[in-house]
Structures are given as structure tokens and as C-alpha cells.
Amino acid sequence: MQDKPIFVTQPSLASLEEFTAFLQEPWRTGVLTHNGPLIRQFEQEACTKLGIRQMVAVTNGTVALQMAIRALELKGKIITTPFSWIATVSAIKWENCTPVFCDIDPETLNMDVDKLEACITPDTVAIMPVHVFGNPCQVDRIREIADKHGLKVIYDAAHAVGSTYKGKSLLSYGDISATSFHATKLLNMGEGGACISESETLHDKLQRIRFFGHNSAKDVVEDGFNGKVTEIHAALGLANLRYYEEVLADRKQKYAYYRDHLSENPSLRFQLLKDGECNYSYFPVIFNSEESLLKTEQLLNKSNFFPRRYFYPSINTYREILDYQPMPVSEDIASRILCLPLYWKLGMEEIDQIIAIVKRA
Ligand code: T4K
């Protein structure tokens, strides 16, 4: 048995010395926030590493989604996926829009684009797909459908740092992409996120929304709020950014290792990765039944391994906060999918133990 618990993930962290070295300046100047030099440096370096033109860094991925809806001035129904983290839907609701679900493709686990047009009504204003576990959505088809019906596209790209589509960063697609730099994400600032838009107009507007609606003269010209990131979080982001490529390569190698060792098992299957290059930020396994998932999870827990049921349950079943809309594919997949531990400092010995337990189960 594993002596210390192994969780589904652990933050990818630079050394404490690297982090604190970045803190010298804010300690000297007393500048802790208000889009200070470190967050501007983070935005610039992250854009270069991720291959995007510009970003507006914000407090977290949920706020990034809300700001995207706000910047596009959306009022009405937004079509999204029921197979996601609750934040996708809560952001829509907090911006006084109505989430409408489109069921998922059982292979890619992303929104089923073949079902998308049937969800569009005169009240629909936007589509908000999720690149689930970093697996790129069918970006071109979604754009085609959106343009045909005059809809905006916001990607929930919380998992998509490091994924690409047609050789470009996946974050550069959609009217706006909203990503997360939460502790559990491939690149983290503890808490953090960003809105990415290639449009200068939207980029400027997002900057104003982040800062109480101020323009550069500090007049209030927008209905904004506080989405600013502290210099402390920026320091952590900058230190962690140094290891971005290493973390990305490590995830890919560990993902391939898991797949090689588990793919013979007829009772398991895996997310179909297509339409672009995934960042392999999670290792989801789809079991043939919930019973076999629960048995495996129990055996892993007994040995001190703690995988997570991402995403369970399917969001459309949260009857306390939503009117139920049946989503048979999402509900089925959500009941039998388990993400196994996958992170930078996870040892190959531990992965071997996890593989052995899964095979035994
Ligand atoms: N859209 C999508 C599709 C998302 O998946 C998310 C967030 C969002 C939007 C919103 O982005 P943010 O507003 O969060 O930036 C986690 C994360 O809290 C959440 O960010 C993430 N998705 C979701 C998929 O997973 P939990 O409740 O499973 O995380 P938690 O706290 O149990 O962490 C998992 C494991 O990670 C722990 O067992 C131990 C380890 N851990 C976690 C934290 C927070 C650490 O070692 N250190 C830490 O500080 O939700």
C-alpha cells in the first residue's frame, strides 16, 4: 500500500526560491495589485509560450467565463454542454442568461455538433462549448453553425492550455476563449484565469471590465467589476511558467504510458482524441458500467490512491438549480468515467501500482 495519499492531481510548482525571487520587487515597491508589472510580465510571457497574441489575466476561470459573456453583451439562451464542471453553467446563470444543453459525443466527450443546430431557437445568442480534458472541439464546424445563425462563440477552455488546433493554440479560437490557471491546471497561479480574444475591441473591453470599467484615464466607461490578479499570484504564475514545456511533455509521456498498459483491457475505453492536438492534461477512463468503476475506485482508495469522477454527475441533473433536460449520453458517460492520477511529480512506480490495481479490478 502507498504510504502517502496520491490524489488525482497536484499543482506543478517551481521551487519556493524561484517563486520568492519574483516577490522582491512587490516587497520593495509595495505594488501588490491593479495590473502591476508582474501580471503584465506574466501576460506577455504566457502569450509567447502559449502562442497567442494577447490575453487578459483574471482572478479565476469562472470569472473569465462571466467576463466573456459580459463583454459580448449576451442576453438570452446559451447552448452549452452538460458534461463539464459546474462553473460552465453557473457563469451563464450569474450573467442572467439561460443555459440550454446539447448532448455530447460519446467518443470525444465534447458537445455533439450533429445535435447542435436542433438546439438553436430564436432566443439563442451564443454557443459555449468546452474542450473537455483539453480535447479540441470541432472548431470549424462550430464556427460555421454560429455564423449561419448569427451566434457568438465562447470556448470554455479551462482545460485547454497547451492544446492546439490546425497548428495554432486552441485558446485563439472563438470570439473569446476563457481559460483557468487554477492550482489543479497544467499551468497554475494558485487561482487565476484569462480571457483570450483576437479582436482588439473585445480585448480592450475585457481589460476595462476587469478594472471596474475604468478607461486609461480612470473614468468609468463600462459596467465593469473587479477581476484583477494580484502580483503574488502573478509571481507564482511566472515561476511556474518556466516549467511549462516540461510539464506538457511529461503529461504526454505519462498519458501514453497509461494508455499502452491499459488498452488491452476490453472493459475499458478512452476518450477519442481528434480534431487537433490534446494537451493530455487528464487521464479519463470510461468503464463498461458504474459498478465496475465503483469497484475499481474502492480498490484504489484502499491502497491510498484517490482518482476523481470528473465529471459526475452530468450537470443537467442538478435539479436544485436547473430545470431538468434529459441528456442520455452525458448522463451515461458521467456515471462511468474516472480520471486517474496524472501530474508532473507523480512517479512511474505509482503509475505502475495504479495500472496493476485497475487491471486487477
Ligand atoms: N470550466 C471547466 C471546464 C472547469 O473544469 C473549471 C474548473 C472551470 C471552468 C472553472 O475554473 P476556475 O474558476 O476553477 O479557475 C477542481 C478545481 O477546483 C476546478 O478548478 C476544476 N475546474 C475542476 C475540474 O477540478 P475539485 O473540487 O475536484 O478540486 P480539488 O480541490 O478536490 O482538487 C483535486 C486534487 O488536487 C485534490 O484532491 C488535491 C489536489 N490539490 C488541489 C488543490 C486545490 C492540491 O494538491 N492543491 C490544491 O491547492 O475541483
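Quick note: structure is the one above.
Residues numbered from 1 in each chain as written. Predicted model: local features only at pLDDT ≥ 70, side-chain atom pairs only at ≥ 80, totals over all residues. Heavy atoms only, no water.

Before going further, it helps to spend a moment on the nonpolar core. If you look at the biggest cluster of nonpolar residues, it comprises 53 residues, and the most contacted ones within it are Phe42, Met55, Ile79, Leu171 and Phe181. Secondary structure elements with two or more residues in this core: helix H1 (16–29), helix H2 (37–50), helix H5 (116–119), helix H6 (139–149), strand S6 (152–156), strand S10 (193–196), helix H8 (231–241) and helix H9 (244–262). Among residues more than four places away in sequence, those in contact with Met55 are Phe42, Glu43, Ala46, Cys47, Leu50, Phe181, Ala194, Cys195, Ile196 and His203. (Core = buried A, V, L, I, M, F, W, Y, C linked by side-chain atoms within 4.5 Å. Buried < 20%, exposed > 50% of the residue type's maximum accessible area, 1.4 Å probe, protein only. Helix = DSSP H or I, 4+ residues; strand = E, 2+ residues; numbered from the N terminus. Contact = heavy atoms within 4.5 Å.)

Take the sheet that holds strand S12 (residues 283–287) next. Here we have 3 strands laid out as an open sheet, ordered S11-S12-S14, and antiparallel in their pairing. Edge positions in the sheet fall to strand S11 (268–270) and strand S14 (337–340), since each has one partner strand and no second. The average undirected angle you get between the axes of adjacent strands in this sheet is 40 degrees. Of the pairings in the sheet, the one linking S11 to S12 comprises 3 bridges and is antiparallel in character. By the bridge assignment for S12, Leu268 is matched with Phe287. Of the strands in this sheet, S11, S12 and S14 are in contact with H9, which crosses S12 at around 25 degrees. Packed on one face of the sheet, helix H10 (residues 290–302) meets S12 and S14 and runs near 25 degrees to S14. (Pairing = 2+ DSSP bridges. Axes fitted to C-alpha atoms, helices over the stretch in contact; angles between N-to-C directions.)

Tallying each qualifying case throughout the model produces 21 salt bridges. A salt bridge links Asp140 to Lys166; its shortest N-O distance comes to 2.3 Å. Taken as a pair, Asp140 in helix H6 and Lys166 in the loop between strand S7 (164–165) and strand S8 (168–169) lie far apart in primary sequence, 26 residues in all. Its salt-bridge partner being Arg143, residue Asp147 comes within 3.1 Å of it at the nearest N-O pair. With a gap of 4 residues between them, Asp147 and Arg143 both fall in helix H6, about one helical turn apart. Classification of Arg143 by relative accessible area gives partly exposed; the value is 27%. (Salt bridge = Lys/Arg side-chain N within 4 Å of Asp/Glu carboxyl O.)

Once that is clear, we can look at the sheet that holds strand S5 (residues 124–128). Taken together, the 7 strands give an open sheet; going across it, the order is S2-S10-S9-S6-S5-S3-S4, and neighbouring strands pair in mixed fashion. One side of each edge strand has no neighbouring strand; the edge strands of this open sheet are strand S2 (56–58) and strand S4 (98–101). In this sheet, adjacent strand axes meet at a mean angle of 25 degrees when their direction is disregarded. Here S6 runs beside strand S9 (residues 176–180); their pairing, made up of 3 bridges, is parallel. Paired with Ile154 across the bridge in S9 is Ile176. The strands touched by H6 within the sheet are S5 and S6, with S6 carrying the most contacts at an inclination of about 150 degrees.

Once that is clear, we can look at the packing of aromatic side chains. Using the criterion set out here, one finds 16 aromatic pairs in the structure. Three or more aromatic residues joined by ring pairs form one cluster here, namely Phe83, Trp85, Phe133, Tyr282, Tyr310 and Phe311. The aromatic ring of Tyr173 is capped on one face by Lys168, whose charged end is 5.1 Å from the ring centroid. The ring centre of Tyr312 lies 3.7 Å from the NZ or CZ of Arg309, which sits over that ring. (Phe/Tyr/Trp six-rings, centres within 6.5 Å; stacked < 30°, edge-to-face > 60°. Lys NZ or Arg CZ within 6 Å of the ring centre and 35° of its normal.)

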